[in-house]
Amino acid sequence: MTEFDPERFEDKYVHYFPELQEAYKRAFETMNEAYDSQLIHAIDQQVLNESEPFYDDGFTIDLPENPTERVSGVVVSDEKLTRVLDRYVTELRRELAAVFDLETAENRHEK
């Protein structure tokens, strides 16, 4: 595993691209098992494809503007979409921490 360096994460696509792919893949698989696959695919392809992960004492995910308005082709209430998207982002943050072997507050609560 590549050792994580927060400063190098600024150029994440140069230094950590395989790790990012792994974290996004794991999050997708977890969410796809727990929720409607059409909804998860829509979020993955229409929202998270333009998201940006950042690290500053923990991972955050910057979503594109108006993420719920971007989802099309799936019949879902705004409330459910927001709830599932929030859960997906939480899972993605958790997977990023796991891939880089960093303990997060969320991971500590699961132990």
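Just so it is clear, the structure is predicted and the values come from calculations on it, not from any experiment. (Residues numbered from 1 in each chain as written. Predicted model: local features only at pLDDT ≥ 70, side-chain atom pairs only at ≥ 80, totals over all residues. Heavy atoms only, no water.)

Participant: Provide a residue-level description of the packing of aromatic side chains, including the pertinent values.
Facilitator: Under the counting rule described, the total for this entry stands at 11 aromatic pairs. Summarising the aromatic geometry, the rings of Phe9 and Tyr16 are spaced 6.0 Å apart at their centres and angled 35° between planes, so their arrangement reads as tilted. Judged by its relative accessible area of 0%, Tyr16 is buried. Ring-pair connections join several aromatic residues into one group, and the members of that group are Phe4, Phe9, Tyr16, Tyr55, Phe59 and Phe100. Above the plane of the ring of Tyr16 lies Arg8, whose end atom (NZ or CZ) is 5.8 Å from the centre. In this structure, Lys12 packs its charged tip against the face of Phe54, placed 4.6 Å from the ring centre. (Phe/Tyr/Trp six-rings, centres within 6.5 Å; stacked < 30°, edge-to-face > 60°. Buried < 20%, exposed > 50% of the residue type's maximum accessible area, 1.4 Å probe, protein only. Lys NZ or Arg CZ within 6 Å of the ring centre and 35° of its normal.)

Participant: I'd like a rundown of the pattern of salt bridges, residues and numbers included.
Facilitator: In the structure shown here, the tally under the stated rule is seven salt bridges. When the shortest N-O distance is used, the salt bridge between Glu79 and Arg83 registers 3.7 Å. Separated by four residues within a single helix, Glu79 and Arg83 lie in helix α5 (residues 78-99), roughly one turn from each other. Judged by its relative accessible area of 62%, Glu79 is exposed. Residue Arg83 is classed as partly exposed on the basis of its relative accessible area of 48%. (Salt bridge = Lys/Arg side-chain N within 4 Å of Asp/Glu carboxyl O. Helix = DSSP H or I, 4+ residues; strand = E, 2+ residues; numbered from the N terminus.)

Participant: Could you give an account of the pairing of strand β2 (residues 59-62), naming the residues involved and the relevant values?
Facilitator: Only one face of β2 is covered, namely the one carrying Phe59 and Ile61; the face carrying Thr60 and Asp62 has none of its residues buried. Relative to β2, strand β1 (residues 52-55) runs antiparallel, the two sharing four bridges. Note that in β2 the partner of Tyr55 across the bridge is Phe59. Counting the residues that bridge the hairpin from β1 to β2 gives three residues, and of these Asp57 lies at a positive phi of roughly 60°. (Pairing = 2+ DSSP bridges.)

Participant: Could you give me a rundown of the packing of helix α2 (residues 17-34) against helix α3 (residues 37-46), with the residues and numbers involved?
Facilitator: For any two helices packed against each other, the geometry comes down to the angle between their axes and how far apart the axes lie. α3 packs onto α2 with a crossing angle of 150° between their chain directions and a minimal axis gap of 8 Å. What the angle tells us is that α2 and α3 run roughly antiparallel. Between α2 and α3 lies a crossing of right-handed hand. Contacts between α2 and α3 pair Phe28, Met31 and Asn32 from the former with Ser37, Ile40, His41 and Asp44 from the latter. (Axes fitted to C-alpha atoms, helices over the stretch in contact; angles between N-to-C directions. Parallel < 35°, antiparallel > 145°, perpendicular 65-115°, else oblique. Left-handed = near helix turned anticlockwise from the far one by under 90°. Contact = heavy atoms within 4.5 Å.)

Participant: So what's going on with the layout of surface pockets? Which residues, and what values?
Facilitator: Quantified by volume, the largest pocket comes out at close to 190 Å³. Taken together, Tyr13, Phe17, Leu20, Gln21, Tyr24, Leu48, Asn49, Ser51 and Pro53 make up the full set of residues lining the largest pocket. No other element matches the four residues that α2 contributes to the lining of the largest pocket. Its residues placed into classes, the lining of the largest pocket shows six nonpolar, three polar and no charged. (1 Å grid on protein atoms, 1.4 Å probe; cavity = no way out; pocket = protein on both sides within 12 Å on 5 of 7 lines; lining within 4 Å. Points joined across faces, edges and corners; volume = space filled by probe spheres on them. Nonpolar A, V, L, I, M, F, W, Y, C, P; charged D, E, K, R; others polar.)

Participant: Give me α2: which residues, what numbers.
Facilitator: With 18 residues, α2 extends 26 Å from end C-alpha to end C-alpha; this agrees with the ideal 26 Å at 1.5 Å per step. For α2, the complete set of buried residues consists of Glu19, Leu20, Ala23, Tyr24, Ala27, Phe28 and Met31. Those residues of α2 that are buried are in contact with α1 (12-15), α3, β1, β2 and α5. (Expected span 1.5 Å × (residues − 1).)

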